[in-house]
Amino acid sequence: MNKLEQLKQRSLVVADTGDIEAIRRYQPQDATTNPSLLLKAAQLPQYQQHLKDALAWAEQRGGDVIAEAAMKLAVAIGREILQIVPGVVSTEVDARLSFDTRASVEYARKLIALYEQAGVERERVLIKLASTWEGITAASVLEREGIHCNLTLLFAQCQAVACAEAGVTLISPFVGRILDWYKASTGRNDYTAEEDPGVLSVASIYEYYKSRGYPTIVMGASFRNTGEIEALAGCDKLTISPQLLQELQDDEGELASGLGSDIASQPRPASPLSEAEFRYQLNADAMATEKLAEGIRNFVADQLKLEQLLQQAR
């Protein structure tokens, strides 16, 4: 077996792309999208009809045509993806709402309503939210309504702890972006997979969850190389770009040992993490604070570009 086939025996593989053809090629269990991936997808020839249909639908509804069309387009692409993958697709709440719990909840409800109107059951959709305190609080509300959530832009243990205590379905702790920060801040570029600070962060979160019996799924994300992926083989899920999926598929070697399965039980905290303690711990972690803020800014920038693309197509 090639390494991708071996990996699929240990972890559920998720395609980190909105490219339908790439999803067909690598046959992942699930797929995940975000504003950056939707922006790329919206510029591909095969999605132009979806773009036109989203605009026509939004024009009929009135109101903020571009904002409505962006939501409709995200759902249309998500629905296409679900015709290929057997599992779920993640669709993101507008990153501009990352610090507004009520607006995030309302946006998520609209996305789910659009999916259901398109004939997609809510069980096949994960709503992606940034792992801010407000995003995690919104997720706790949505989970109680049967709307499952994927908490993204997760860089710190405190974010993971709060997500588990909120009953979030899935988290996407980032690997490569953590490595990027450490390379830039230390000037060191020779991290092995075993030393990689992003790999160590996800492994620590995975062990914390499994040792305390939290059902929240850990999905490693944002990989820079296949070494990081192999080091996290055995993680519940791994979301991987088409380029790295191809590298794994082309490699006939033996997959690295990855995460261990022998994890001793630990008691859960006596009381949940408070908002004040969450904010303090996040603030104390310079890497997590900077990468969370940067991630939100970048998603907002790509959302604005997507809206500009829709505006030009009107």
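Reference entry: report on the structure contained in this document. (Residues numbered from 1 in each chain as written. Predicted model: local features only at pLDDT ≥ 70, side-chain atom pairs only at ≥ 80, totals over all residues. Heavy atoms only, no water.)

1. Here we look at the packing of helix α13 (residues 275-284) against helix α14 (residues 286-313)
How we decide: Axis lines are fitted through C-alpha atoms, for helices just across the contact stretch, and the angle between N-to-C directions can take any value from 0 to 180 degrees. Secondary structure elements follow DSSP: runs of H or I no shorter than four residues count as helices, runs of E no shorter than two count as strands, and numbering proceeds from the N terminus. Each angle is binned into one of four classes, with values under 35 degrees roughly parallel, values over 145 roughly antiparallel, values of 65 to 115 roughly perpendicular, and all other values oblique. Contact definition: two residues touch when any of their heavy atoms are within 4.5 Å. Under the scheme applied, nonpolar residues are Ala, Val, Leu, Ile, Met, Phe, Trp, Tyr, Cys and Pro; charged residues are Asp, Glu, Lys and Arg; polar residues are all the others, including Gly.
It is the contact of α13 with α14, at a shortest axis distance of 5 Å, that shows an interaxial angle of 95°. Looking at the two axes, α13 sits roughly perpendicular to α14. The residues of α14 that touch α13, namely those facing L282, N283 and A284, are A286, A288, T289 and L292. Tallied by class, the residues present in the contact of α13 with α14 amount to five nonpolar, two polar and no charged.

2. Observations regarding helix α6 (residues 101-117)
Put simply, the test is: The span you would expect from a helix comes to 1.5 Å times its residue count less one. To sort residues, take the accessible area from a 1.4 Å probe on protein chains only and compare it with the maximum for the residue type: under 20% means buried, over 50% means exposed, and anything in between is partly exposed. Side-chain atoms alone can form a polar contact between residues adjacent in sequence; in general such a contact is a pair of N or O atoms within 3.5 Å, and within protein one must be able to donate a hydrogen while the other accepts it.
Between its first and last C-alpha atoms α6 spans 24 Å; for 17 residues at 1.5 Å apiece the expected length is 24 Å, and the two agree. For α6, every residue scored as buried is listed here: A103, S104, V105, Y107, A108, L111, I112, L114 and Y115. Next to the buried residues of α6 lie α4 (48-61), α5 (65-82), β3 (89-92), β4 (125-130) and α7 (133-144). Its side-chain oxygen placed 3.3 Å from the backbone nitrogen of R102, D100 serves as the N-cap of α6. Looking at the residues trailing α6, positive phi occurs at G119, about 85°.

3. Here's the deal with the packing of aromatic side chains
Selection rule: Aromatic contacts are taken between Phe, Tyr and Trp rings whose centres are within 6.5 Å, Trp giving its six-membered ring; a plane angle under 30 degrees counts as stacked, one over 60 as edge-to-face, and the others as tilted. A ring is scored as having a charge over it whenever the NZ atom of a lysine or the CZ atom of an arginine sits within 6 Å of its centre and within 35 degrees of its normal.
By the definition in use, this model includes six aromatic pairs. Look at F155 and F174: their rings are 5.3 Å apart centre to centre, the planes differ by 70°, and that puts the pair in the edge-to-face class. One end of the pair, F155, is in the loop between β5 (149-154) and α8 (157-165); the other, F174, is in the loop between β6 (170-173) and α9 (176-186), with 19 residues separating them in the sequence. Residues F155 and F174 agree in their burial class; the two are buried. Through a chain of ring-to-ring contacts, three or more aromatic side chains come together here, namely Y208, Y209 and Y214. Here the basic side chain of K72 rests over the ring of W57, its NZ or CZ set 4.8 Å away from the ring centre. In this structure, R188 is placed above the aromatic ring of Y191, and the distance from its NZ or CZ to the ring centre is 4.3 Å.

4. Quick look at unusual backbone geometry
Glycine aside, the phi torsion of most residues is negative, and most peptide linkages are trans. With a phi angle near 50°, Q27 is a residue other than glycine that sits in the positive phi range. With respect to the helices and strands, the residue Q27 is situated in the loop between α2 (20-26) and β2 (30-32). A relative accessible area of 61% means that Q27 is categorised as exposed. Of note, S222 is a non-glycine position whose phi angle comes to about 60°, a positive value. Among the structural elements, S222 can be located in the loop between β7 (217-220) and α11 (226-231).

5. Regarding the sheet that holds β4
How we decide: Following DSSP output, two strands are said to pair if at least two bridges run between them.
Reading around the barrel, the eight strands line up as β1-β2-β3-β4-β5-β6-β7-β8 and close back on themselves, with parallel pairing between neighbours. Recorded for the sheet is a direction-independent mean angle of 30° between the axes of neighbouring strands. In this structure, strand β1 (residues 12-16) lies alongside strand β8 (residues 237-240), joined through four bridges in parallel fashion. Residue pairing for β8: V13 is matched across the bridge by L238.

6. Comments concerning the nonpolar core
Short version of the rule: Remark: nonpolar core denotes a set of buried residues (Ala, Val, Leu, Ile, Met, Phe, Trp, Tyr, Cys) joined through side-chain atoms within 4.5 Å.
In terms of nonpolar packing, the biggest core is built from 106 residues, with L7, I127, L151, I171, Y209, I240 and L310 touching the most fellow members. A per-element tally of this core places α5 first, with eleven residues. Not counting residues up to four positions away in its chain, the partners in contact with Y209 are A160, C163, A164, I171, Y214, T216 and V218.

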